[in-house]
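Residue-level listing of the chains:
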Amino acid sequence: MSTDKVVITQAVNQQIQYILKELNFTQLAVLVDENTLVNCYPLIKASLPNHCLIQIKSGEEFKTIETCNHIWGRLTAEAFDRKSLLLNLGGGVIGDMGGFAARTFKRGIKFINIPTTLLAQVDASIGGKLGVDFKGLKNHIGLFSDPDQVIVDPVFLQSLPPAELASGFAEVIKHHLIADANGWEMLKKQSLPDLNWLETIRHSVAIKSRVVASDPQEAGYRKTLNFGHTLGHAVESFKMINDDSVLHGEAVALGMIAESYVSYKKGLLSSEELKSIENYIDSIFTRVNIMPEEIDEIFNLVIQDKKNKNNRVMAVLLEGIGSAKWDIKLTPSEIKSSLRYYSN
């Protein structure tokens, strides 16, 4: 994704007005959930021309084809044509699903993302991965397609609960661990209240944009962005299926510790580096509770991961802090032992 499609600003309304003038569209719809309707929509409403407001329910459990049916239905009822524009105002669920709905409506209409969570600002809105969950499997149905524009403003973070802010910060940690060893040394000395969010977001967006631009279709190097996600997604799906949900960033934090442990066991990461990673992540996140009898069930979800090949689990491991290797085969024993290590 080219960096000129991502604007990081502290003047979101001016950017909206400028970008809407530049885009040639016939009708505008704004997609919100009950949270962004109250906390975020009022901040930009005055900058928008006449538009259709589409509201959906928040939460990963509503990231489904059924919700897309609702979006497509509203666009159809309002007689939107192929020159229309959808503005997604929300977190990763709205960005992923709204983009998917836009790119499949009448074979594709334009869409803009205005991410309102830290997770979406530093990760989900960058890279063009669109889709929905399917039968409890995350992002099982989808496609690659970049937004026509992304507008990022830290002002929206002021409405986030502390747990949601920390959830997004997991991706900031990930970006340092896979691509910025020097930055990690500075980051691990800071707590969340210490951070300059504008600079933190800009740094993470730059890393992700650089990785995505070098490998848009995830053929190789881009896979490093999945660090922490192979095991983290499985735990996230397991909790969702069992009505005991965890936030995405909490699951990724778990995955980063577990996959760092496998990296250590394979001789790719030193014990000092593993402890540094664990200590910092534990200073931000409470550990997810995994019972011993749940590990086999979580393993069965790991083998459903989209990145697997020929029923072999392929993960990203750290080759020292600041560097990552992709397509590393994990054995069932390694997966289960890493989950036991984390839970112990």
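Counting starts from 1 at the beginning of each chain's written sequence and moves along it residue by residue. Per-residue local features of the predicted model are confined to residues with pLDDT of at least 70, and side-chain atom pairs are confined, for both listing and counting, to 80 or more; whole-chain, interface and lining totals are unaffected and use all residues. Hydrogen atoms and water are omitted, and side-chain values are computed over all heavy atoms in the structure.

1. Some details on the sheet that holds strand 5 (residues 110-115)
What links the strands of a sheet is backbone hydrogen bonding, and the strands pair in either a parallel or an antiparallel sense. What counts, and what does not: Any two strands with at least two DSSP-identified bridges between them are counted as paired. Secondary structure elements are defined from DSSP: runs of H or I of at least 4 residues count as helices, runs of E of at least 2 residues count as strands, and each element is numbered from the N terminus. Comment: axis = line fitted to C-alpha atoms, over the contacting stretch for helices; angle = value between 0 and 180 degrees taken between N-to-C directions.
Taking strand neighbours across the sheet as the criterion, the 6 strands line up as 1-8-5-4-2-3 in an open arrangement whose pairing is parallel. Taken across any chain shown, the strands that pair with only one partner, and hence form the sheet edges, are strand 1 (6-8) and strand 3 (52-56). Going from strand to strand, the sheet's axes swing by 20° on average, the running direction of each strand aside. Two elements, strand 5 and strand 8 (residues 149-152), share 2 bridges in a ladder whose sense is parallel. Bridge pairing in strand 8 links Asn113 to Val150.

2. Concerning the packing of aromatic side chains
Here is the rule we go by: Pairs were defined over the aromatic rings of Phe, Tyr and Trp, the Trp ring being its six-membered one, requiring ring centres within 6.5 Å. Orientation was assigned from the angle between planes: stacked under 30 degrees, edge-to-face over 60, tilted for the rest. Categorising residues by exposure relies on relative accessible area from a 1.4 Å probe, with only protein chains included: less than 20% of the type maximum marks a residue as buried, more than 50% marks it as exposed, and the intermediate range marks it as partly exposed.
Enumeration over the complete set of coordinates arrives at 7 aromatic pairs. Their ring planes at 90° and their centres at 6.3 Å tell us that Phe169 and Trp197 sit as a pair that is edge-to-face. In this pair, Phe169 sits in helix 7 (residues 162-179) while Trp197 sits in helix 9 (residues 197-214), placing the two residues 28 residues apart along the sequence. Taking the relative accessible area as the measure of exposure, Phe169 reaches 0% and is therefore buried. Assessed through its relative accessible area of 17%, Trp197 is described here as buried. Aromatic side chains Trp184 and Tyr280 sit 5.6 Å apart centroid to centroid with 85° between the ring planes, which places their arrangement in the edge-to-face category.

3. Topic: the side chain of Thr116
Rules: Contacts are assigned to residue pairs that have any heavy atoms within 4.5 Å of one another.
With respect to the helices and strands, Thr116 occurs in the loop between strand 5 and helix 6 (118-124). Ignoring sequence-local partners within four residues, the contact set of Thr116 consists of Thr36, Cys40, Leu89, Gly90, Gly91, Gln121, Phe156, Leu157 and Leu160.

4. Quick word on the side chain of Asn88
So the rule is basically this: Under this definition, polar contacts are N or O atom pairs within 3.5 Å; protein pairs additionally need one hydrogen-donor-capable and one acceptor-capable atom, and for neighbouring residues in sequence, both atoms have to be side-chain atoms.
The topology assignment puts Asn88 in strand 4 (residues 85-90). Judged by its relative accessible area of 1%, Asn88 falls in the buried class. Within polar-contact distance, the side chain of Asn88 engages the side chain of Asn113 at 2.9 Å. Among residues more than four places away in sequence, those in contact with Asn88 are Leu31, Ile94, Gly95, Gly98, Gly99, Phe111, Ile112, Asn113 and Ile114.

5. Observations concerning unusual backbone geometry
With a phi angle near 60°, Ala79 is a residue other than glycine that sits in the positive phi range. In this structure, Ala79 sits in the loop between helix 4 (65-77) and strand 4. For Ala79, a relative accessible area of 55% translates into the label exposed. With a phi angle near 50°, Lys106 is a residue other than glycine that sits in the positive phi range. Topologically, Lys106 is positioned in the loop between helix 5 (92-104) and strand 5.

6. Points about helix 12 (residues 271-284)
Under the convention used in this document: Here, expected helix span is obtained from the residue count minus one, scaled by 1.5 Å.
An ideal rise of 1.5 Å per residue puts 20 Å on 14 residues; helix 12 measures up with 20 Å between its terminal C-alpha atoms. Taken residue by residue, helix 12 has Leu274, Ser276, Ile277, Glu278, Tyr280, Ile281 and Ile284 as its buried positions. Check the buried side of helix 12 and you find it contacts helix 7, helix 8 (181-187), helix 11 (248-265), strand 9 (313-318) and helix 14 (332-343).

7. Section: the nonpolar core
Threshold: Definition used in this section: a nonpolar core is a set of buried Ala, Val, Leu, Ile, Met, Phe, Trp, Tyr and Cys residues joined via side-chain atoms within 4.5 Å.
In terms of nonpolar packing, the biggest core is built from 71 residues, with Phe169, Ile173, Leu177, Trp197 and Ile201 touching the most fellow members. Per-element tally for this core: the top contributor is helix 11, with 9 residues.

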